[in-house]
Amino acid sequence: MQVYNDTNNRLSKKALSALKSKGIIGSSVFFYDELSSTFDKIRELPQKDGLTVVCAKQTNGVGRLGRSWESTLGGVYFSFVIKNIPPAFEMQFITTVCALGVCRALSKYVPCHIKWPNDIVVNGKKICGILTKCYAPSDVAGALYVGVGINANNNFSSSLPYASSIKAVSGSEVNENALLLDVLNSIDDVLYSLSAEDVLNEYRQKCINIGKEVSLVYEREEIQGVCLNILKDGSMEVLSQAKKLIVNSGEVSVKGIYS
Ligand code: BTN
């Protein structure tokens, strides 16, 4: 399987060391050719805000809801640490904040949107996923770890019909090192410069769920409804059988978008 036409587009230690992030996120970047998961490695390193671990391939990438995350060559897989939550945000809102940061950056490459809570999608296919983990304080002094998997130059087989990549959408390869820097800088901008109200307003504009028919599991029952809004804490308000429900997590399929 051919992944690259131009090998300069690959993530590499040399290329990354020449790039400097402009803020806290990505202020120290550790690159590895292969890891089980960036979440495993980041916990072994000295913890500080913005510490970032990136790799070209994961052998045990983890996704939301206990799924695995396909992490073949051509993707950009990274995790970063937030030790001090910016005072503008509640902890449970951080994934929403990061989803906006990632979507802003990827919009420079392809016309993307956010599928609640934190998938980045183009033309109904997923090009990026975000997962936030919080380890217990006794473990590594109470930090939040945000993991981002971007399908940059990946080639997907038909076994993943709802996945796509920036290369597949735009028709050309992207430089993964520059892409990583763009995303880190954009997350930094949103995390340290915006208010919660600004984030919510822009998130709502980019979110494809609002006003659409959705299906989801709510209190162990499969329900259908219409997404009314995304609320201040990042939860989703759904109108189903004349009742307003608040959904905090889980898998939501949106009519017309991959499900
Ligand atoms: C999702 O299921 O949508 C979230 C996927 C998150 C994948 C990223 S890749 C970098 C980091 N390390 C992992 O093992 N998972 C996250």
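(A) Focus on the sheet that holds strand β1 (residues 28-32). Within the open sheet, the seven strands sit side by side as β1-β2-β3-β7-β6-β5-β4. Their pairing is mixed. Pairing within the sheet leaves two strands with one partner each, and these edge strands are β1 and β4 (113-115). Neighbour-to-neighbour, the strand axes of the sheet open up by a mean angle of 20 degrees, direction not taken into account. Sheet topology note: the strand β6 (residues 125-134)/strand β7 (residues 144-150) ladder contains seven bridges and is antiparallel. Residue pairing for β7: Cys134 is matched across the bridge by Leu144. Seen against the sheet, helix α3 (residues 94-106) touches β3 (76-82), β4, β5 (119-122), β6 and β7 and runs at an angle of roughly 145 degrees to β6.

(B) Representation of the sheet that holds strand β10 (residues 236-240) within the structure. Pairing is antiparallel in the open sheet, where five strands are placed in the order β11-β10-β9-β8-β12. Either end of the sheet is taken by a strand with one partner, and the two such strands are β11 (243-247) and β12 (252-254). Strand after strand, the sheet turns through a mean of 40 degrees between neighbouring axes, direction not considered.

(C) Local environment of the pattern of salt bridges. Tallied over the entire structure, the rule returns seven salt bridges. Note that Asp182 and Lys108 form a salt bridge whose closest N and O atoms lie 3.3 Å from each other. Highlighted residues: Asp182 in helix α6 (residues 176-193) and Lys108 in the loop between α3 and β4, separated in sequence by 74 residues. Judged by its relative accessible area of 60%, Lys108 falls in the exposed class. The shortest N-O distance in the salt bridge between Glu202 and Lys206 comes to 3.6 Å. Of this pair, Glu202 and Lys206 both sit in helix α7 (residues 196-206), four residues apart, roughly one helical turn. Neither Glu202 nor Lys206 differs from the other in exposure class; each is buried. Three or more residues joined by partner-sharing salt bridges are found here, namely Arg104, Glu202 and Lys206.

Rules used throughout
- Residues numbered from 1 in each chain as written.
- Predicted model: local features only at pLDDT ≥ 70, side-chain atom pairs only at ≥ 80, totals over all residues.
- Heavy atoms only, no water.
- Pairing = 2+ DSSP bridges.
- Helix = DSSP H or I, 4+ residues; strand = E, 2+ residues; numbered from the N terminus.
- Axes fitted to C-alpha atoms, helices over the stretch in contact; angles between N-to-C directions.
- Contact = heavy atoms within 4.5 Å.
- Salt bridge = Lys/Arg side-chain N within 4 Å of Asp/Glu carboxyl O.
- Buried < 20%, exposed > 50% of the residue type's maximum accessible area, 1.4 Å probe, protein only.

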